Amino acid sequence: MPTRILPAVGDADAVRSVTTLLSQLPDAEPMAPVADSTQLVDTLARLAAESIDELPEVVVVHERIGPVPALELIREVSLRFPAVGVVLVTSDASPGLFQAAMDYGARGLVALPLSYEELASRVHAVAQWSTGVRRHLGAGGDTFTGAGGTVVTVSGAKGGVGATLTAVHLALAAQASGRSTALVDLDLQTGDVASYLDVQFRRSVVDLATITDISPRVLADAVFRHDTGLTLLLAPAEGERGEDVTDRAARHIIGALRSRYEVVVVDTGAQLVGAGAAAVETADTALLVTTPDVVSVRGAKRTVRMWDRLQIRKAEETTVVVNRHTRSTEIQPPLIRKITGTAVAATVIPAHFKELQQVVDAGRVHELENKSTVKQALWTLAGEIGLVEPAEGAHKSGRLRADRLRGDRGAVSIRRRKDGGG
């Protein structure tokens, strides 16, 4: 059986060199090369969605791939697609880099300039390893083999716009529909997820920041199991410790969670730090919460432009969520869409704070009543972004049903109001 090899090479000259040699290898089937890290992950995810057998046995990553650095990309591929062997092509063949590459999940390293013998030897060994892993998985292994869970980030246009409440209820909706869900608080200095869910905790995301191999046992020791079924990874109680969570650590942690949960919701807060930026960059869906007032909408516009300048995320890849919406306000969703240049969620969250006040003051927002229009809107939003599957016939009835609820009494049907307010 031929060995499928996917080259990930950003440099045009290097592409020709790598593909030429790969095409000469015996029993090799080189695939069309990908030019950057995003294209590589998207390609592997698409193939994995079809079947594990569609994945290439070997991925060859060039050291100058971007925008995600080569070692970080290798870590993400090894976490999300553990049956794929990765070979790093690099001009630095020092023992230090070799050890780092192995720590990040590479199965081999080939030095530049490329030689046929070395490349053939490495690819053959990695292909055999990949075949053995797939044989083991096919025999009933419990290692995660899919494309990875869905990551959704929730950011605030400024403080106090309701980003944390939104993140909590999106996670609750996903968990209630039967999908294993992790809620991560990456608002590292001022995170309030623990306060909103009445949680006393000792471990936090900081405990994972320096660990290079986050095993299931290590992850289990750091997370908190909430009564609702949610898995919580919380911000540190001492805000200054948040500096220990670098962008690299955040990528690693989110990758580990993505490989073990169907849904990962990340509250990044309103301040841009390295960890939050890494989360937004790698997310499948990035939500930016604003309220329909001049200050907040300007904050949303400022955030979107900053993300674009820093090449974190393009405006058209960001979805704005309008919270505390009323029909009488002068700033409506179409105007926000025009000002920010983003998509705007069709579901708006109504301005009914009286429904929230009791549960917010008690620190138990998970006990918000099903009849609350705010809860209905937030759970409808979860369906809109794909965290909750719409019920059959939902398009005609305008309803969204979250079945198999955990921690709630019965199934909840959510009807959209005529004004779109949930």
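Up top is the structure.
Conventions adopted
Residues numbered from 1 in each chain as written. Predicted model: local features only at pLDDT ≥ 70, side-chain atom pairs only at ≥ 80, totals over all residues. Heavy atoms only, no water. Helix = DSSP H or I, 4+ residues; strand = E, 2+ residues; numbered from the N terminus. Polar contact = N/O pair within 3.5 Å; in protein donor to acceptor, adjacent residues only side chain to side chain. Contact = heavy atoms within 4.5 Å. Pairing = 2+ DSSP bridges. Axes fitted to C-alpha atoms, helices over the stretch in contact; angles between N-to-C directions. Buried < 20%, exposed > 50% of the residue type's maximum accessible area, 1.4 Å probe, protein only. Expected span 1.5 Å × (residues − 1). Arc of directions from axis to C-beta.

**What to know about the side chain of Asn323**
- Looking at where Asn323 falls in the secondary structure, it is placed in the loop between strand 12 (318-322) and helix 12 (333-340).
- A distance of 2.8 Å separates the side chain of Asn323 from the backbone oxygen of Val161, its partner in a polar contact.
- Among residues more than four places away in sequence, those in contact with Asn323 are Val161, Gly162, Val289, Thr290, Thr291, Pro292 and Ile349.

**Concerning the sheet that holds strand 10 (residues 263-269)**
- The strand order across the open sheet built from 8 strands is 8-9-7-10-6-11-12-13, with neighbouring strands paired in mixed fashion. Of all the strands in the sheet, just strand 8 (224-225) and strand 13 (343-344) have a single pairing partner and so form its edges.
- Across 5 bridges, the pairing between strand 6 (residues 150-156) and strand 11 (residues 285-290) is parallel. Considered in strand 11, the bridge of Val152 is made with Thr285.
- Packed onto the sheet, helix 12 meets strand 11, strand 12 and strand 13 and runs at close to 145 degrees relative to strand 12.

**Some points on the environment of Glu243**
- Topologically, Glu243 is positioned in the loop between strand 9 (231-233) and helix 9 (247-258).
- Overall, Glu243 belongs to the exposed group, its relative accessible area being 64%.

**Looking at helix 11 (residues 294-309)**
- An ideal rise of 1.5 Å per residue puts 22 Å on 16 residues; helix 11 measures up with 22 Å between its terminal C-alpha atoms.
- Within helix 11 the residues assigned to the buried category are Ser296, Val297, Gly299, Ala300, Thr303, Val304 and Trp307. Within helix 11, the buried residues cover an arc of 155 degrees as seen down the axis, which keeps them to one side. Opposite the buried face of helix 11, at more than 90 degrees from it, the exposed residues are Val295, Arg298, Arg302 and Arg309.
- Residues of helix 11 that are buried in the fold lie against strand 6, helix 10 (274-282), strand 11, strand 12 and helix 12.
- Within two residues after helix 11, Gln311 carries a phi angle of roughly 60 degrees, on the positive side.

**Some remarks on unusual backbone geometry**
- The residue after Gly66, namely Pro67, is reached through a cis peptide bond having omega -5 degrees.
- The topology assignment puts Pro67 in the loop between strand 3 (58-62) and helix 3 (70-80).
- With an omega of -5 degrees, the peptide bond running from Leu112 to Pro113 counts as cis.
- With respect to the helices and strands, Pro113 occurs in the loop between strand 5 (108-111) and helix 5 (116-138).
- We note that Gln311 has phi near 60 degrees; this positive angle belongs to a residue other than glycine.
- One can find Gln311 in the loop between helix 11 and strand 12.
- Accessibility expressed as a relative area gives 67% for Gln311, which makes it exposed.
- Positive phi, close to 55 degrees, is recorded for Arg324, a residue that is not glycine.
- On the basis of relative accessible area, Arg324 is assigned to the partly exposed category, the value being 41%.

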